Amino acid sequence: MGFKKKNKPSNFDVRPPDGQPLPPIVGLGSNLNPVIKLGPDGSLANALAGQNANSQITRHARRLYVGGIPPTLSEAEIGEFFRNIITQSVSPEYLERKDPISSVFINREKCFAFVELISIELTSACCRLDGVSYKGNLLRIRRPNDFQPDKVPHDLGPIPVLDISGLGVVSTTVADGPNKLFVGGLPNDLGEEDIKQLLTAFGPLKSFHLVKDPHHNLSKGYAFCEFANPENTAVAIEGLNTFPIRDRFLTVKLASQNVTPTLPSTPAAQAALANIHGAKYNNHNNNNNNNNLITNSYYGPSSSSSSDISNQTPTRVLILKNLVDTVEIQDDNEHYDIQDDVKTECSQHGVVRTVVIPRIKDGFPSSSEGSVFVEFGDVDSAMRAAQSLKGRKFADRLVIVNYYDEIKFSNRALV
């Protein structure tokens, strides 16, 4: 029995009569070149295969790594952000009305994205956007780690010039050198723009990088920077080292040195301090006026930065702030030595059950890194230690002492 022909109409179009050309293909996307060149053998298939292979070869060179993005950001949002910057920064003739963005991939777990552009030249130009601000975050923009310069074609066109004069771009890559500064003791919830505002009181920045937890995009409490004018380096050290911010004191020193150099007083430092004196850096999540970051002169702790421990309810647990540097405790040996040093000192006032110096890599929240918790056997011992440690210095840092809730400590709810 033969097959019966179906009455359903065919989905094929109707071929024109012999001798007439096929109609042109339209509507397949703005990125297609309307002029299709045939392969060496006259084959359209070989021509398309060659174009696709070339696109895959250059793909690694057309990608940008974009770090430090907000975790809630969508592919469409970051694509639109770069699209707007590029279209406003290059001439319309260069883009030829093409969409400069080919694709966007986001890794929300580690707060970074890959942005693929339409050309290698445009990708190279966009590396200058490193440090551009988006929704309060300074984006780290550079080639991906797997970028291989030796595989980039040699017959490239000119690199377009991006007009970034109005973007306030400060590079996030702080190169090692004699003027690289370490800035520690920063509150973990203090934003990049607020920190930059504090630093730029001493002069324009060449580069700035706030170190963050890659999984949560939260500050680790320290940063690196370099001023555009090297002469501002010493001025900033004198003006900001031990500067009080909330319940902490900044540590500002040359990144290549373990000890902050003693510098002579300069009129420039005093002028810069006058500019930031009384400035209000408020916690955006709390309208309490007591959360002002900077409330008084650099020369002493502010009234809000160090509460009177005699007015607090004593507990068996002390929290010591401004005692450790978040960078030095990352070294396991240094971490152990500081822990042992604190225990030895505190044991002079009674039995010390445990000393905890939280680190993000040990599973503690970023807000607790930089603090030291000491649990005593009884309240009296903790009170004696509190009175003894109050006003003391550790590694030239003024220690801030407060009592901590025992239940929170036992549950390891450390902040």
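Cut-offs used in this document
- Residues numbered from 1 in each chain as written.
- Predicted model: local features only at pLDDT ≥ 70, side-chain atom pairs only at ≥ 80, totals over all residues.
- Heavy atoms only, no water.
- Pairing = 2+ DSSP bridges.
- Helix = DSSP H or I, 4+ residues; strand = E, 2+ residues; numbered from the N terminus.
- Axes fitted to C-alpha atoms, helices over the stretch in contact; angles between N-to-C directions.
- Contact = heavy atoms within 4.5 Å.
- Phe/Tyr/Trp six-rings, centres within 6.5 Å; stacked < 30°, edge-to-face > 60°.
- Lys NZ or Arg CZ within 6 Å of the ring centre and 35° of its normal.
- Core = buried A, V, L, I, M, F, W, Y, C linked by side-chain atoms within 4.5 Å.
- Buried < 20%, exposed > 50% of the residue type's maximum accessible area, 1.4 Å probe, protein only.

A. The arrangement of the sheet that holds strand β3 (residues 112–117) in detail. With antiparallel pairing, the four strands of this open sheet are ordered in space as β2-β3-β1-β6. This sheet does not close on itself; its edge strands, each paired only once, are β2 (101–107) and β6 (140–142). Strand-to-strand, the axes of this sheet are offset by a mean angle of 20 degrees, without reference to chain direction. Relative to β6, strand β1 (residues 63–67) runs antiparallel, the two being bridged by three bridges. Note that in β6 the partner of G67 across the bridge is R140. Against the sheet, helix α2 (residues 75–89) contacts β1, β2, β3 and β6, and its axis sits at roughly 135 degrees relative to β2.

B. Quick look at the packing of aromatic side chains. Enumeration over the complete set of coordinates arrives at ten aromatic pairs. Taking 5.5 Å as the distance between ring centres and 35 degrees as the angle between the ring planes, the aromatic pair formed by Y65 and F112 counts as tilted. In this pair, Y65 sits in strand β1 while F112 sits in strand β3, placing the two residues 47 residues apart along the sequence. One aromatic cluster in this structure is built from Y65, F112 and F114. In this structure, R143 is placed above the aromatic ring of F147, and the distance from its NZ or CZ to the ring centre is 4.5 Å. Here K180 stacks its cationic end above the ring of F224, 4.8 Å away from the centre of that ring.

C. A look at the nonpolar core. V66 and F82 are the most contacted members of the largest nonpolar core, which totals 26 residues. Taken together, the elements giving at least two residues each to this core come down to β1, α2, β2, β3 and α4 (120–126). Excluding its chain neighbours within four sequence positions, the residues that come into contact with V66 are I78, F82, C111, F112, A113, V115, L139, R140 and I141. Within the second largest apolar cluster, 25 residues are counted, among which are L198, F202, F208 and F227.

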